[in-house]
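Structure at a glance
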Amino acid sequence: MRRGRTVLTEEETGRGGGRGAVVGMNTPQPTEREHTTASPPRFVSVEELMETAKGVSNMALAHEMMVNQEFQMKPLELPEGSFEQRVKEIMHKAFWDYLETQLYADPPTYSNAITMLSEIKESLLSFLMPGHDRLRSRIEGVLDLPLIQQEAENKALDMGRLAQFIVETMGSLCAPCRDGDIGKLRETTELVPLLKAIVSTLDLMKMDMVNFALTTIKPHLMQQSAEYERHKFQEFLEKQPNALDYAEKWLRDSAEALQDSSTPSLPPAPHSIHNHAYLRLLKWDHVSETFPETVMLDQARFLEMQQEVELLVLLSSLLLIVYTTTGDAISGLPGLMDTLKATVNAIVTDMHTPSFSLEEALATIGEKLCVELSLCLSEHGHAPYTPERQGILKGQILATAHPDNTVRKLMESRINSYMLASLESTQPKTPPPLPGGLAPVGKS
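So, a few notes on the structure that sits alongside this text. None of these values were measured; they are calculated from a predicted model.

**Let's talk about the overall build of the chain**
Helix and strand content of the chain: 16 helices and two strands. With 444 residues in all, the chain has 37% of them scored as buried. Long-range pairs, those at least 24 residues apart, make up 69% of the contacts in the chain with a sequence separation of at least 6. Within the structure as shown, the chain displays about 26,200 Å² of accessible surface, and the carbon and sulfur contribution to it stands at 56%.

If you want it as structure tokens, here you go:
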């Protein structure tokens, strides 16, 4: 399964993340018909709501770090052309224009520049490790604010010299990925553009430090993550007894469905209910059904996996039809399978977009596969791919548009069996054998 790269912005993990998480935890409760034993709603205070929001935001951040190997923090990027972006640009331009006016006045005014130097000094000191005593002393000495203030009053302040010292210090503290940015700073000769670039690069270095710290604590977090999330959910239950009603209904429905399909006298085992419940998430109606609270943080991932499963079902069905209807003539031909897979994937890659038409896509696939098969059979000296055989193939391909198509249901059943075997396996590092017909999509 593909796993997308996730990036959380500063706003999403702070105030913004809290709002989104609270909405998720306070979803409408099941109706009486759905859940006759639902707990009565409990009113909470604003303080409890804010505390819950903070807890959910922290749990979401910790959970994302645990499950996403490429997790990283990035600065908040405002939408292009948005009102917030325009206001930010106007205010920044006004600040830098005013600073330029002050520095190039006669005599120059350094009040805002000294304030900026103070903030830059604090940023540089924040990057230091406990053993950086000499560098700390040098920063304190060169960026001595009382001395800089005296030099400004005596018209002896050399801002260019201080800027160059800051750049060289940044070069000794930054991550290797920032060497290019430091090189550009060294090439900048104009004072105000240099100061502007210094501030921007320092912001990037701060984010590098945050990501480094997150990477450092991640092994410890992975050891504690399950207990941490269990503790947080217990806190939610204590404050809101009906906070997990949808998760309860999800597990109860899974148990009932499993009981109906098994021996009546033998109740399903808890681990079996758990595994089948997770398989149900890959057939979830995300529009009309509320996602269970305990897995809500991963709803986007389950939706992505659900779409991949649907794509694999369609792809494996089409390939099975092609090789069944065409026969031994194409069996084992090198490169043909990859060619057919590439042709199908190129057409159905957008199958979950609103404008996608499955019937039109299947008609196109039928035409293109017939062309590919005709060329292949001709190149290998086999009998021509007659119009009658092409018509049969196109008809069977078009028939897979229906969810109850026999071939489609067969491949869906085999994929579900494989996923269930993976969940039940006692050796997670060794995948179970692929059922018949799935080998061609095993590495698609």
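**Some points on the layout of surface pockets**
In this structure, the second largest pocket spans a volume of roughly 880 Å³. The wall of the second largest pocket is formed by 25 residues, among which K88, H92, V199, S200 and D203 lie closest to the centre. When residues of the lining of the second largest pocket are traced back to their parent elements, those giving at least two are α3 (83–103), α4 (111–126) and α9 (191–239). It is α9 that contributes the most residues to the lining of the second largest pocket, eight residues altogether. Taken together, the residues that form the lining of the second largest pocket break down as 11 nonpolar, six polar and eight charged.

**Topic: unusual backbone geometry**
Following D106, the chain continues into P107 via a peptide bond in cis, with omega recorded as 5 degrees. Locating P107 in the fold gives a position in the loop between α3 and α4. Not every positive phi belongs to a glycine, and K155 is a case in point at roughly 60 degrees.

**Concerning the nonpolar core**
For soluble globular proteins, nonpolar side chains are generally found buried alongside one another. Core analysis: the largest hydrophobic core is formed by 47 residues, its most contacted members being L362, I365, L393 and I397. The set of elements that each furnish at least two residues to this core consists of α11 (270–280), α12 (299–326), α13 (336–348), α14 (358–379), α15 (387–399) and α16 (406–424). When residues of this core are assigned to their parent elements, the largest contribution, 11 residues, is made by α12. The residues touching L393, leaving out its near neighbours within four places in the chain, are I321, V322, T325, C370, L373 and Y385. A113, M116, M159 and I198 belong to the second largest nonpolar core, which has 37 residues in total.

**Notes on the environment of T189**
Residue placement: T189 occurs in the loop between α8 (179–187) and α9. Each C-alpha atom of the pair T189 and G160 lies 8.7 Å from the other, and the pair is 29 residues apart in sequence.

**Details of the pattern of salt bridges**
Counted under the stated rule, the structure contains 11 salt bridges. K249 is the partner of D253 in a salt bridge, and the nearest nitrogen-oxygen pair spans 2.8 Å. Taken together, the residues D253 and K249, both in helix α10 (residues 245–260) and four residues apart, mark about one turn of the helix. Judged by relative accessible area, which is 22%, D253 ranks as partly exposed. Among the ionic pairs, D298 bridges to R301, the shortest N-O distance being 2.8 Å. Grouping residues by exposure puts D298 and R301 together as buried.

**Describing the packing of aromatic side chains**
Considering all chains together, one arrives at five aromatic pairs under this definition. Here the aromatic rings of W250 and Y278 are separated by 5.5 Å at their centres, their planes lie at 75 degrees, and the arrangement is edge-to-face. One end of the pair, W250, is in helix α10; the other, Y278, is in helix α11, and 28 residues separate them in sequence. Assessed through its relative accessible area of 4%, W250 is described here as buried. For Y278, a relative accessible area of 28% puts it in the partly exposed group. Arranged with centres 5.6 Å apart and planes meeting at 80 degrees, the rings of W284 and F291 form a pair that is edge-to-face. You can call F291 buried: its relative accessible area is 2%.

Cut-off values and rules
Residues numbered from 1 in each chain as written. Predicted model: local features only at pLDDT ≥ 70, side-chain atom pairs only at ≥ 80, totals over all residues. Heavy atoms only, no water. Helix = DSSP H or I, 4+ residues; strand = E, 2+ residues; numbered from the N terminus. Buried < 20%, exposed > 50% of the residue type's maximum accessible area, 1.4 Å probe, protein only. Contact = heavy atoms within 4.5 Å. Areas by Shrake-Rupley, 256 points an atom, 1.4 Å probe, with all protein chains shown as cover. 1 Å grid on protein atoms, 1.4 Å probe; cavity = no way out; pocket = protein on both sides within 12 Å on 5 of 7 lines; lining within 4 Å. Points joined across faces, edges and corners; volume = space filled by probe spheres on them. Nonpolar A, V, L, I, M, F, W, Y, C, P; charged D, E, K, R; others polar. Core = buried A, V, L, I, M, F, W, Y, C linked by side-chain atoms within 4.5 Å. Salt bridge = Lys/Arg side-chain N within 4 Å of Asp/Glu carboxyl O. Phe/Tyr/Trp six-rings, centres within 6.5 Å; stacked < 30°, edge-to-face > 60°.

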